[in-house]
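Coordinate inspection notes
Each chain, written out:
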Amino acid sequence: MTDLRLFNSLTRQLETFTPVHPGEARVYTCGPTVYNYPHIGNMRAYVFADVLGRTLSFKGYTLTHVINITDVGHLTDDADAGEDKMERMAAEKAQSIWDIARHYTEAYWADIKALNIRQPAKWTIATDYIEQMIQFAKDIADKHCYQLDSGLYFDVATVADYGRLARAVTEDGEGRIDEVAGKRNAADFAIWRTTPPGETRQMEWDSPWGRGAPGWHLECSVMSGAVLGFPFDIHTGGIDHREIHHPNEIAQNQAHCCTNGLDVAANSGANVWMHNNFLVERSGKMSKSSGEFLRLQLLIDKGYHPLAYRMLCLQAHYRSELEFSWDGLGAALTRLKRLAMATAALRAQAEPAEAAGARFAEHLARFDAAVSDDLNTAVALTVMEEVAAMKKVDAGEKLAAFATMDAVLGLGLLTLDRTELRLRPKAATMAEAEINAILAQRKEARAARDFATSDRLRDELAAQGVDAMDGDPLGWDWKLDT
Ligand SMILES: Nc1ncnc2c1ncn2[C@@H]1O[C@H](COP(=O)(O)OP(=O)(O)OP(=O)(O)O)[C@@H](O)[C@H]1O
Ligand SMILES: [Zn+2]
């Protein structure tokens, strides 16, 4: 097998993956702040982390993957300003913060499942780790922190080479709103936020620095270290985390456990830091507050299978920006349908063989080379399509080749049913049986050269949002008009 090469944001270089513990891969992924539904941009971060995990498994490593759920402490501004996102949503909805967290965690998990993202070994919930967070803060407080009225602050000048991940963070924090008076350096950040006198929070705990809540950066340092042990192998997140959240995690990790020297690999908490680029809309970065809120459920409601979105992600390199469009999603769905039909035809003929034979060796080697090249799923997909196009090969063996590749890409090709791929949009008013009945009548009318009736039936369907498709090469009789 080819060596696995991954792009490390710390060194801004491709590096050959060398695990801390031989044969193992330990990965931590920054999870969602569960104050709202995730948008599909957020889900790109988890599709990426999932492909990384699947690739590590494919390369033979025993994977321990942890994703956290942030249910406290993430402010509306990543750099220490604004309100707690959870508290604000709870106040807006006049609901308990715990109910809000539960509701949106479940919604997020539903998206995880729909996108075929494998369950990590552990979901760490931030509020389950408050004791450890307080202990961690106590451990570093004397040497690295100072107290202000608003909480305990981390002094970034106490660690070597602060901000090396972001490459230019020294300015950070400056000029931002709600600048805290008394900070020693602009980039200093709260690791514990004390509840201001006269205010109450739904979520607060006693600590040596007063009643309050942990800082968001502290949470990830604590949960990753507690479950995976420092140093672990790979830490992932969206590219925005490279600027503030991850440099702050690294500073805390240096303070807590590491040598605090300049050897970046040895003292950052994780050896490799990886970041996916954004999913963007033409108008800019996708976000929950701008324009049409693109939730996975909206795609489903419009009749797109959720795995079409996974396909869209796989077509791009995770480090490239990806622009979302409905046309692009439609094209990804067509591509997925083609592959699903190819495997369905094979499944009708044979069971997967134990292994793909020699005929597939060259393709599988190229597939391996592609995913080992910093997860080049775009190239891996084309190799899969080449396999789909191979003629005069054993069906069982071909299925085995598909199984190997789909274990990495996660498109569910070994089980995806052709009819599953055609979803009824929520707005559709017709049942599938009804549509099929009208199409059958239309076929008869056309056979009798009664084009007036045929056109009338087509219009009848169109009025209900259904496009009749004549001679579709994929054999779909109709599609939903989206
Ligand atoms: N448009 C995007 N494309 C890809 N990843 C994104 C995008 N927006 C956020 N992310 C990533 O999604 C993950 C979850 O983020 P989180 O739940 O904190 O959402 P958020 O930052 O509040 O989202 P937003 O600010 O876009 O509403 C993080 O890893 C973040 O970097
Ligand atoms: Zn995090």
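Positions within a chain are numbered from 1, following the residues in the order the chain's sequence is written. Whichever chain is written first becomes A and whichever ligand is written first becomes 1, with later ones labelled in order. The predicted nature of this model means local features are confined to residues of pLDDT at least 70 and side-chain atom pairs, given and counted, to a pLDDT of 80 or more, with totals for whole chains, interfaces and linings taken over all residues.

1. What to know about the sheet that holds strand 16 (residues 322-323)
Two strands pair under a simple rule: DSSP has to find at least two bridges between them. Runs of E in the DSSP output that reach at least two residues are strands. Runs of H or I that reach at least four are helices, and both are numbered from the N terminus. The mixed open sheet is built from three strands, whose spatial order is 15-14-16. In this open sheet, the two edge strands, each paired with only one partner strand, are strand 15 (284-285) and strand 16. Of the strand pairs in this sheet, strand 14 (residues 279-281) and strand 15 are connected by two bridges, and their pairing is antiparallel. Bridging from a neighbouring strand, V280 pairs with K285 of strand 15.

2. Topic: the confidence of the model for the protein
A residue's pLDDT is the confidence the predictor assigns to it, expressed on a 0 to 100 scale. Mean pLDDT over the protein: 89, with 90% of residues reaching 70 or higher. Across residues 169-177, where pLDDT falls below 50, the model places 21 contacts with residues more than four positions away in sequence or in other chains. The contact criterion used is a C-beta to C-beta distance within 7 Å, with each C-beta placed from the backbone.

3. A look at the sheet that holds strand 9 (residues 151-154)
With antiparallel pairing, the four strands of this open sheet are ordered in space as 8-9-10-11. The sheet terminates laterally at strand 8 (145-148) and strand 11 (212-214), the two strands that pair on one side only. Adjacent strand axes in the sheet meet at a mean angle of 25° when their direction is disregarded. Lines fitted to the C-alpha atoms define the axes, with helices restricted to the stretch that makes contact. Angles between their N-to-C directions range from 0 to 180 degrees.

4. Observations concerning the environment of N271
Mapped onto the secondary structure, N271 falls in strand 13 (residues 270-276). Given 22 C-beta atoms within 10 Å, N271 falls into the buried group. Each C-alpha atom, one on N271 and one on F230, is 9.4 Å from the other, the two residues being 41 residues apart in sequence. Between the buried cut of 20 or more and the exposed cut of 12 or fewer other C-beta atoms within 10 Å of a residue's own C-beta lies the partly exposed class, and all C-beta atoms are placed from the backbone.

5. Describing the packing of helix 11 (residues 361-372) against helix 12 (residues 377-389)
Where helix 11 contacts helix 12, the axes come no closer than 8 Å and their chain directions differ by 165°. One way to sum up the angle between helix 11 and helix 12 is to call them roughly antiparallel. Between helix 11 and helix 12 lies a crossing of left-handed hand. In this structure, helix 11 contributes H363, R366, F367, A370 and V371 to the contact, and helix 12 contributes T377, V379, A380, V383, E386 and V387. For this classification, under 35 degrees means roughly parallel, over 145 means roughly antiparallel, 65 to 115 means roughly perpendicular, and everything else is oblique. It is the rotation of the near helix from the far one that decides the hand of a crossing: anticlockwise by less than a right angle makes it left-handed, clockwise makes it right-handed.

6. Section: unusual backbone geometry
Note the cis peptide between F230 and P231, where omega equals -15°. Summarising the element assignment, P231 is placed in the loop between helix 5 (216-228) and strand 12 (232-238). Although it is not a glycine, N116 sits at a positive phi angle of roughly 60°. Tracing the backbone shows N116 in the loop between helix 3 (97-114) and strand 7 (122-125). Phi at R449 takes a positive value of approximately 60°, unusual for a residue other than glycine. Structurally, R449 can be placed in the loop between helix 14 (432-447) and helix 15 (451-463).

7. Things to note about the nonpolar core
Under the definition applied here, buried Ala, Val, Leu, Ile, Met, Phe, Trp, Tyr and Cys residues are grouped into a nonpolar core through C-beta atoms within 7 Å. In this structure, I191, A308, Y309, L336 and A380 are the most contacted members of the largest nonpolar core, which totals 118 residues. Top element by residues in this core is helix 1 (residues 40-58). It accounts for 11 residues. Note that the domain bounds reflect an automated or database-derived domain assignment. Shared between two domains, this core takes at least three residues from each, and those domains are domain 1 (5-280) and domain 2 (302-420). Discounting chain neighbours no more than four positions away, the residues touching I191 are A137, C145, L152, F154, G215, H217, L218 and Q252.

8. Description of the packing of helix 4 (residues 130-144) against helix 5
A pair of packed helices is characterised by two quantities: the angle between their axes and the separation of those axes. Running from N to C, helix 4 and helix 5 point in directions that differ by 105°, and their axes come no closer than 9 Å. For the element pair helix 4 / helix 5, the angle class is roughly perpendicular. In this structure, helix 4 uses Q132, M133, F136 and A137 to contact helix 5, whose residues at the interface are L218, E219, S221, V222 and A226.

9. Side note on helix 3
Its 18 residues give helix 3 an end-to-end C-alpha distance of 26 Å, which sits within 8% of 26 Å, the value for a rise of 1.5 Å per residue. The set of residues buried in helix 3 consists of I97, I100, A101, Y104, Y108, D111 and I112. Viewed along the axis of helix 3, the buried residues span an arc of 105°, placing them on a single side of the element. Exposed residues lying more than 90 degrees from the buried face of helix 3 are D99, E106 and K113. Structurally, helix 3 contributes buried residues whose contacts are with helix 1, helix 2 (85-93) and helix 8 (296-301). The span expected for a helix works out to 1.5 Å for each residue beyond the first. Here the arc refers to the set of directions running from the helix axis out to each C-beta atom.

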